[in-house]
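The lines below spell out each chain.
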Amino acid sequence: MSSPDQARDSGEARPRKIIHIDMDAFYASVEQRDNPDLRGKPLAVGGSAERGVVAAASYEARKFGVRSAMPSVTAKRQCPELIFVKPRFEVYKAVSRQIRDIFAEHTEIIEPLSLDEAYLDVTENLQNIPLATKIATAIRAKILAETGLTASAGISYNKFLAKLASDHRKPNGQFVITPRMGPAFVESLPVGRFHGIGPATTAKFNGLGIFTGLDIRNQTLEFMNANFGKSGAYYYWISRGVDERPVRANGIRKSIGAENTFSNDLTAFDALAAELQPLIEKVWRHCESTGSRGRTVTLKIKFFDFEIITRSRSVPTQVSNRADLERVALDLLRHEMPLPKSVRLLGVSLSALHDEDRVEPQLDLPI
């Protein structure tokens, strides 16, 4: 990441105009749109079986604490009236294409994050609209008119703040964070609210006595690099409201992964296999939402003494369903048993990615 001072020295004359569009409870809202009987009711998209996971929850369900990636049995316990519907990814993809077409009326610089959210750089835009707020309002209005769905928007001068802003007025709202507001807005933000900082990193920050953006800002760059490695500089700058990452049109992601640090170290295969399930679900949900498929599955194991090992397996054709991803991941874990010491973190990732449109017909995996 280049220094923001370098960017300013290079003659950057004015702030960028970045919009983050995020559809409101996308999968669940599509289901409620298409089935009037589901409207106004707590709804979860996903499997209701014992090992099922919530892929998306309606706002009615969220009032009961139901969230995506939550085990279905937990969701049902928290909301006994919860209705489960199976996902229809082909429908979601078709709606997503409609939404992308609306984005393209305003800019060619579109960075999709999933089916339901994207960054847009509208600093220079196709309709020569001077205010990014007006562009965001027009996009949201057209999405509603053409799809019957609501979207929220965040507008700011960089990606980090635009994404924070889109969460600020959800659902069906928009919020602007101006260059003058940016640093102060981040100051009071709990570190757990920073996009990309999960529970384990939040706990690490808190263990160092760092709880807010202001606390991060009070640290030196050397301290951040020493404690957070390659992410240290990123955290250092975003705590100052600075994020020079460009909006990358049609950016190619090299891998999709998820990991989790346990509250207690684990050794038994069954316990570790159970902890892998939500990680597999998260990776596969991202594959479905982006249309990506991969050939290489990697298992990451961090032991209690922080030693890390990875084990990978590549298959002849793309992994085309969740069951095959689970089968390869569990086989990699099984091959390491018994483990020499207890485990504090597991991770799983899928790489050698290709767009789904180029995926070959799936063959049986040679496991």
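The protein chain appears in an unreviewed UniProt entry as DNA polymerase IV from Bradyrhizobium pachyrhizi.

Student: Honestly, the nonpolar core in this entry has me stumped. Any pointers?
Tutor: Soluble globular proteins tend to bury their nonpolar side chains together. Formed by 35 residues in total, the largest nonpolar core has its most connected members in Ile19, Ile21, Phe26, Tyr27, Phe103, Leu120 and Ile143. At the level of elements, strand E1 (18-23), helix H2 (26-34), strand E2 (43-46), strand E3 (54-57), helix H5 (89-104), strand E6 (117-121), helix H6 (132-147) and strand E7 (151-156) are the ones that each hand at least two residues to this core. When residues in this core are grouped by element, the largest group, 6 residues, is from H5. Residues from two domains meet in this core; each of domain 1 (18-23 + 91-176) and domain 2 (26-89) gives at least three. Setting aside chain neighbours within four positions, we find phenylalanine 103 in contact with Ile21, Ile110, Ala118, Leu120, Ile139 and Ile143.

Student: Sorry, what's going on with the packing of helix H9 (residues 199-207) against helix H11 (residues 221-228) here?
Tutor: Packing of H9 against H11 leaves a shortest axis separation of 12 Å and a crossing angle of 130°. Taken as axis vectors, H9 and H11 run oblique relative to one another. Of the two elements, H9 crosses H11, and the hand of that crossing is right-handed. Facing Thr201, Lys204 and Phe205 of H9, the residues of H11 in contact are Met224, Asn227 and Phe228. The residue inventory of the contact of H9 with H11, partitioned by class, reads 3 nonpolar, 2 polar and 1 charged.

Student: Is there a simple way to think about the confidence of the model for the protein chain in this case?
Tutor: The predicted coordinates of low-pLDDT regions are not to be read in fine detail. Mean pLDDT over the protein chain works out to 88, with 90% of the residues at or above the 70 mark. Contacts from residues 1-12, a stretch scored under 50 in pLDDT, to residues over four places away or in other chains number 11 contacts. The model gives residues 356-367 a pLDDT under 50, and that stretch makes 23 contacts with residues more than four places away or in other chains.

Student: Sorry if this is basic, but what is going on with the pattern of salt bridges here?
Tutor: Considering all chains together, one arrives at 21 salt bridges under this definition. Between aspartate 24 and lysine 170 there is a salt bridge, and its shortest N-O distance comes to 2.6 Å. Placement of the pair is aspartate 24 in the loop between E1 and H2 and lysine 170 in the loop between helix H7 (159-168) and strand E8 (174-176), with a sequence separation of 146 residues. Given a relative accessible area of 1%, aspartate 24 falls into the buried group. One salt bridge connects arginine 313 with aspartate 331, and the closest N-O pair in it is separated by 2.5 Å. In this pair, arginine 313 is assigned in strand E12 (residues 308-314) and aspartate 331 in helix H14 (residues 322-335), connecting sequence segments 18 residues apart.

Student: What's the story with the UniProt feature "active site" (unreviewed entry) in the protein chain in this structure? I'm lost.
Tutor: Feature annotation in UniProt places "active site" (unreviewed entry) on Glu117, given in this structure's numbering. Residue contacts for glutamate 117: discarding those within four places in its chain leaves His20, Ile21, Asp22, Pro112 and Lys163. Polar contacts involving the side chain of glutamate 117 include one to the side chain of histidine 20, which spans 2.7 Å.

Student: How do you make sense of the sheet that holds strand E9 (residues 255-266) when you look at a structure like this?
Tutor: Each strand in a sheet pairs with another by means of backbone hydrogen bonds, the pair being arranged parallel or else antiparallel. Read across the open sheet, the 4 strands follow the order E9-E13-E11-E12; overall the sheet is antiparallel. Among the strands making up the open sheet, the edge pair consists of E9 and E12. Strand-to-strand twist in this sheet, taken as the mean axis angle between neighbours without regard to direction, amounts to 15°. Sheet analysis places strand E11 (residues 296-303) next to E12, joined by 7 bridges and oriented antiparallel. For lysine 300, the partnering residue across the bridge sits in E12 and is threonine 310.

Student: Looking at this structure, how should I read the side chain of serine 96?
Tutor: Tracing the sequence through the fold places serine 96 in helix H5. Every residue in contact with serine 96, bar those within four places of it in the chain, is listed here: Phe26 and Leu115.

Analysis parameters
- Residues numbered from 1 in each chain as written.
- Predicted model: local features only at pLDDT ≥ 70, side-chain atom pairs only at ≥ 80, totals over all residues.
- Heavy atoms only, no water.
- Core = buried A, V, L, I, M, F, W, Y, C linked by side-chain atoms within 4.5 Å.
- Buried < 20%, exposed > 50% of the residue type's maximum accessible area, 1.4 Å probe, protein only.
- Helix = DSSP H or I, 4+ residues; strand = E, 2+ residues; numbered from the N terminus.
- Domains from an automatic or database assignment.
- Contact = heavy atoms within 4.5 Å.
- Axes fitted to C-alpha atoms, helices over the stretch in contact; angles between N-to-C directions.
- Parallel < 35°, antiparallel > 145°, perpendicular 65-115°, else oblique.
- Left-handed = near helix turned anticlockwise from the far one by under 90°.
- Nonpolar A, V, L, I, M, F, W, Y, C, P; charged D, E, K, R; others polar.
- pLDDT = per-residue confidence, 0-100.
- Salt bridge = Lys/Arg side-chain N within 4 Å of Asp/Glu carboxyl O.
- UniProt positions renumbered as here; feature names shortened; annotations may be inferred.
- Polar contact = N/O pair within 3.5 Å; in protein donor to acceptor, adjacent residues only side chain to side chain.
- Pairing = 2+ DSSP bridges.

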